[in-house]
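Architecture at a glance
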Amino acid sequence: LVWADEFNEDGAPCDNNWFHEIIPPSNGGWYNNEQQFYTDSRSNSIVEDGALKITAIKEPFEGKEYTSARMTTQGLFEFRYGKIEISAKLPVGQGTWPALWMLGENINSVGWPACGEIDIMEHWGHNPTVVAGSIHTPYSHGDTWTTGHVNINDYTEFHIYSINWTSEKIQFFIDDNLYYTYNPSPKNIENWPFDAPQFFILNIAMGCLLYTSDAA
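Notes on the structure in this doc start here.

Parameters and conventions
- Residues numbered from 1 in each chain as written.
- Predicted model: local features only at pLDDT ≥ 70, side-chain atom pairs only at ≥ 80, totals over all residues.
- Heavy atoms only, no water.
- Helix = DSSP H or I, 4+ residues; strand = E, 2+ residues; numbered from the N terminus.
- Rg over C-alpha atoms; globule rule 2.2 N^0.38 Å.
- Buried < 20%, exposed > 50% of the residue type's maximum accessible area, 1.4 Å probe, protein only.
- Contact = heavy atoms within 4.5 Å.
- Areas by Shrake-Rupley, 256 points an atom, 1.4 Å probe, with all protein chains shown as cover.
- Salt bridge = Lys/Arg side-chain N within 4 Å of Asp/Glu carboxyl O.
- Pairing = 2+ DSSP bridges.
- Axes fitted to C-alpha atoms, helices over the stretch in contact; angles between N-to-C directions.

Regarding its fold elements, the protein presents two helices and 16 strands. Its C-alpha radius of gyration of 17 Å places the protein within 12% of the 17 Å reference for a compact globule of 216 residues. Over its C-alpha atoms, taken along the principal directions, the protein stretches across nearly 50 × 35 × 35 Å. Across the 216 residues in the protein, those meeting the buried criterion constitute 49%. A sequence separation of at least 24 residues applies to 65% of the contacts in the protein between residues at least 6 apart. Carbon together with sulfur atoms contributes 50% to the accessible area of the protein, which is approximately 10,700 Å² in total.

If you want it as structure tokens, here you go:
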């Protein structure tokens with residue numbers, strides 16, 4: 001074990017482990033035409049009862065319709081290869097878009113998707129029983145969508161979302177059940193940028209892509 005956060009101290013998430021992104025990127029928004037503004041308020045992210053709780057709230061803030069939280073380990077913990085396990089349960093509501101994911105630490109120098117993105121878990125409120133694990137690379141984003149899907153009816157209960165990342169492949173699991181493997185052949189920088197360290201991101205976006213939400 002090289003890193004863990006059990007969220008066993010109530011209050012603010014540990015600032016030795018997590019950084020809250022609260023400043024929009026240069027386009028002034030939060031990607032994908034999303035309708036939330038990310039904050040570091042305890043109303044949007046708090047540790048209680050042995051769990052991290054990220055809450056999207058319907059409230060006007062800085063020109064957006066919702067507030068939420070986007071937490072990252074960028075600059076605090078970055079790693080290459082390993083098995084990652086996250087115990088999580090997912091929200092209910094049209095337009096919700098929670099994700100447990102990773103980006104390459106070299107994103108500031110090479111940009112996205114050249115840095116590589118590993119989506120350990122993505123979930124969309126408009127299709128609530130489907131959970132996905134996805135890969136973004138220059139090849140996959142420009143040509144084919146590399147993703148695996150699995151149906152989970154009890155997504156509001158805790159499940160273990162995990163990946164096994166090696167120099168040869170990335171495997172995606174739910175509760176230790178393998179449902180997707182990414183192992184392109186032959187490998188090149190366009191389809192395998194995953195030999196550089198990555199960092200974690202946890203967030204709930206709202207109003208994903210063309211979907212809107214009335215959920216509180």
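So, about unusual backbone geometry. Excluding glycine, residues mostly carry a negative phi; peptide bonds, for their part, are mostly trans. With an omega dihedral of 10 degrees, the bond running from Trp 112 to Pro 113 counts as a cis peptide bond. By the secondary structure assignment, Pro 113 is in the loop between helix 1 (107–110) and strand 10 (117–123). Geometrically, the link from Ser 185 to Pro 186 is a cis peptide bond, its omega value of -5 degrees lying close to zero. Note on placement: Pro 186 falls in the loop between strand 15 (177–182) and strand 16 (198–206). The backbone phi angle of Asn 32 is positive, close to 50 degrees, even though this residue is not glycine. Accessibility expressed as a relative area gives 39% for Asn 32, which makes it partly exposed. A positive phi angle, near 70 degrees, is found at Tyr 81, a position not held by glycine. Secondary-structure assignment places Tyr 81 in the loop between strand 7 (70–72) and strand 8 (82–88).

A word on the pattern of salt bridges. Using the criterion set out here, one finds five salt bridges in the structure. With a shortest N-O distance of 3.4 Å, Asp 49 and Lys 53 are connected by a salt bridge. With a closest N to O distance of 3.5 Å, Glu 85 and Lys 83 form a salt bridge. Within this structure, Glu 48, Asp 49 and Lys 53 form a network of salt bridges that share partners.

Another point: the sheet that holds strand 6 (residues 64–68). An order of 2-6-5 is seen for the three strands of this open sheet, with the pairing classed as mixed. Every interior strand has two partners, whereas the edge strands, strand 2 (36–38) and strand 5 (57–61), have only one. Averaged over all adjacent pairs, the angle separating strand axes in this sheet is 50 degrees, with direction ignored. Relative to strand 6, strand 2 runs parallel, the two sharing three bridges. Opposite Gln 36, over in strand 6, you have Tyr 66 as the bridge partner.

Within strand 10, seven of the seven residues are buried, which leaves it mostly tucked inside the rest of the structure. Strand direction decides the pairing type here: strand 9 (residues 96–104) and strand 10, joined by five bridges, are antiparallel. Considered in strand 10, the bridge of Trp 101 is made with Asp 119. Judged from the five bridges that link them, strand 10 and strand 11 (residues 130–136) form a sheet pairing that is antiparallel. Bridging from a neighbouring strand, Asp 119 pairs with Ser 134 of strand 11. The antiparallel hairpin formed by strand 10 and strand 11 contains six residues in its connecting segment.

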